[in-house]
Structures are given as structure tokens and as C-alpha cells.
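The chain contents come next:
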Amino acid sequence: MIEPRVDKVMTSSTDLGRSTEAASDFEIPGNGWARMAERLYLIRHGRTAWNAEGRIQGWADVPLDDVGREQARRLAERLRARPPDLILCSPLWRAYETARILAAVWEVPIEVDERLKERGQGPFEGRTGVEVAALQQAWREMERDPTAEIAGVEPRAAFAERVWAAMQGAMARPERTLAVVAHGGTFSMFFRQWLGLPLDRPSPFRFDNASLTELALHDGRWIVVTLNDTCHLTDL
């Protein structure tokens, strides 16, 4: 078993040349895009203690718990016969630890991309839904206005822009198959932009811990093969 290596850390954000105030302004993948990758595995990190307790994590660096590590091992075994060529990974420890477990089985390198991290939630981080209720008015204001700013909380429009830039970059990579290990919020934001959904409405998407979402390039367009697939975790 090899020790996975980190070949590169990406921190810059691509200038998309588009407004982040309206999702319809975002270019749709596979529609006149310069692209090279043919398959993407979107993998949410394994479970953490805060996931189990229902706590908001944001940028807090929470490690996987024992269940989360086993979830990552199960997923690694599921894709052992068709591994990616490279793993792109959020810098937050729960995602990076998941990526290390996967990379050790698949024997592939890891690249860390800062733009893939979860949305920063400032004063909401570490709180449960019940505890957030005390801050409900501020939360509602933040969710209603994509550009709203609350001390310590990343504006949704800024989150949207960096996630789209990261995923645009991933789809244009030269590797044929990539795994992207990140967060439920990251993938939800990507899908909302891809489908042109407004940023001021709740996300309709759910991504469970260690779930697999697979995208493939087919006849020049990206299609969803699986969405939030957790069949490898049925007895956990």
C-alpha cells in the first residue's frame, strides 16, 4: 500500500467573466466548453462526529470518526476495479482524510484545491439546528439574499463563484477520470448552477456521507450516471 502524495495545492480563483448574482449567467458544462475529462466521481467525505450530532461544520477542521473511515474504505473497494487517474480534494481535514484512504487503495495522487472547501458558516459552525434557532432571523436573512454578509459567514454568491470555477477546472483536466472529494454544500451548489436554479432558494439536493455521484461525458454533453449513491454502505 503506497502513501498517497499531494502533487499540487491550488488556491487561485478563475475569473469567469460572469455575474454570480443569477445562476442563469453561468455557462453550462458540455455546451461549447473546452473539455478533456470524460468521467467524474463526486465523493462526499465520510462521516464525522459533528455529522452524527447534526452540527454545522463549515470550515471547521473536524476529522472523520470510525464510521467515516470505514465508509471511505467501502467506497475505495467499490471502485477498485475502475479507479480515477487523480483525486482533487478540499483542504478541510474530513475531505482530505477521506481522499487519503481512497488514494492508498487506488494508488493515485491527490491534488488539494482550496476552492472545493465547504461554505464558511462563521458563528453557526459547531451548532446544532436547535442552537441555530436562536439565530434564526440572521440565518433567514443570509439564506434569502445570495449577497448578504454576516460576520464570519461566506456570502453565497462568493461560494457559488469559487465552486463553479473549481468544477469548471476539473472538467477541463487532461486526466480521463477524476475523483473530486469535497462536501455536500459544494456539490449542491455545483448542481444548482449547472441546472440554472436560483441561489436564493433552498437546495433540492442531498449528498450523504461517502456517497458517490458519477458524471460522464456522452456525445459531447455531461450526463448524471448516479446521484448520491450509497449502496456500498447498506450495512453500516
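Here, the structure is the one placed above.
Treat the numbers as computed from the prediction; the structure is a model and nothing was measured.

A.B. asks: Give me unusual backbone geometry: which residues, what numbers.
C.D. replies: One non-glycine residue, Ala210, lies in the positive phi region at around 60°. Considering the arrangement of structural elements, one finds Ala210 in the loop between α7 (184–194) and β6 (212–218). Unlike most non-glycine residues, Asp219 shows phi in positive territory, near 50°. Along the chain, the position of Asp219 falls in the loop between β6 and β7 (221–229). Here Asp219 falls in the exposed class, since its relative accessible area comes to 70%.

A.B. asks: For the pairing of strand β5 (residues 177–182), give the residues involved together with the corresponding values.
C.D. replies: Here β5 lies mainly inside the structure; six of its six residues are buried. Note that strand β2 (residues 39–44) and β5 share six bridges and pair parallel. Bridged to Tyr41 within β5 is Ala179. One ladder, built from four bridges, connects strand β3 (residues 86–89) with β5; its direction is parallel. Across the sheet, Ile87 pairs through a bridge with Ala179, a residue of β5.

A.B. asks: Break down the nonpolar core for me, citing the residues and quoting the values.
C.D. replies: Core analysis: the largest hydrophobic core is formed by 26 residues, its most contacted members being Leu40, Leu42, Met167, Val180, Phe190 and Leu215. Counting only elements with at least two residues in this core, the list comes to β2, β3, α6 (156–171), β5 and α7. It is α6 that contributes the most residues to this core, eight residues altogether. Tyr96, Leu102, Trp106 and Val108 belong to the second-largest nonpolar core, a separate cluster that totals 20 residues.

A.B. asks: Describe the pairing of β3, and please don't skip the residues or the numbers.
C.D. replies: Of the two faces of β3, the one lined by Leu86 and Leu88 and the one lined by Ile87 and Cys89 are each fully buried. Relative to strand β4 (residues 110–113), β3 runs parallel, the two being bridged by three bridges. Within β4, the residue paired with Ile87 across the bridge is Ile110. What joins β3 to β4 is helix α3 (residues 93–106), and the crossover it makes is right-handed.

A.B. asks: With reference to specific residues and values, describe the side chain of Asn209.
C.D. replies: Here Asn209 lies in the loop between α7 and β6. Asn209 sits in the buried class, given a relative accessible area of 13%. Of note is the side chain of Asn209, whose polar atom sits 3.2 Å from the side chain of Asn51. Here Asn209 is in contact with Arg44, His45, Gly46, Arg47, Asn51, Gln71 and Leu233, once residues within four sequence places are set aside.

A.B. asks: Just give me the short version of the packing of helix α2 (residues 66–78) against α3, but keep the residues and values in it.
C.D. replies: α3 packs onto α2 with a crossing angle of 35° between their chain directions and a minimal axis gap of 9 Å. Judged by the twist between their axes, the crossing of α2 over α3 is right-handed. Every residue of α3 that contacts α2 at Arg69, Ala72, Arg73, Leu75, Ala76 and Glu77 is listed here: Glu97, Thr98, Ile101, Leu102, Val105 and Trp106. When the residues that make up the contact of α2 with α3 are grouped by side-chain class, the tally is seven nonpolar, one polar and four charged.

A.B. asks: A description of the side chain of Arg192 should follow, citing residues and the corresponding values.
C.D. replies: Mapped onto the elements of the fold, Arg192 is located in helix α7. With relative accessibility at 5%, the residue Arg192 sits in the buried group. Polar contacts involving the side chain of Arg192 include one to the main-chain carbonyl oxygen of Pro198, which spans 3.2 Å. Separated by 2.6 Å, the side chain of Arg192 and the backbone oxygen of Arg201 make a polar contact. When sequence neighbours within four positions are dropped, the list of residues in contact with Arg192 reads Arg156, Leu197, Pro198, Leu199, Asp200, Arg201, Ser203, Pro204 and Phe205.

What counts and what doesn't
Every chain is numbered on its own, with residues counted from 1 as its sequence reads. It should be noted that, the model being predicted, local features are given only for residues of pLDDT at least 70 and side-chain atom pairs only at 80 or more, the latter also being counted only at that level, while totals for whole chains, interfaces and linings use all residues. Side-chain calculation: all heavy atoms of the structure are included, whereas hydrogens and water are not. Think of it this way: any DSSP run of H or I at least four residues long counts as a helix, any run of E at least two long counts as a strand, and we number them from the N terminus. Throughout, exposure labels follow a simple rule: accessible area from a 1.4 Å probe, protein chains only, divided by the maximum for the residue type, with under 20% read as buried, over 50% as exposed, and the rest as partly exposed. Strand pairing is assigned whenever DSSP identifies at least 2 bridges connecting the two strands. Buried Ala, Val, Leu, Ile, Met, Phe, Trp, Tyr and Cys residues form a nonpolar core when they are joined through side-chain atoms within 4.5 Å. The path from the first strand over the helix to the second decides the hand: if it runs clockwise while the strands point away from the viewer, the crossover is right-handed. Within 3.5 Å is the distance limit for a polar contact, defined as a pair of N or O atoms, with the added protein rule that one can donate a hydrogen and the other accept it, and that residues adjacent in sequence qualify only through two side-chain atoms. A contact between two residues is defined here by any heavy atoms of the two lying within 4.5 Å. For helices, the fitted line uses only the C-alpha atoms of the stretch in contact; every axis is such a line through C-alpha atoms, and the angle between N-to-C directions lies from 0 to 180 degrees. Should the near helix be turned anticlockwise from the far one by less than a right angle, the crossing is termed left-handed; should it be turned clockwise, right-handed. Polarity classes work like this: nonpolar for Ala, Val, Leu, Ile, Met, Phe, Trp, Tyr, Cys and Pro, charged for Asp, Glu, Lys and Arg, and polar for all others, with Gly in that last group.

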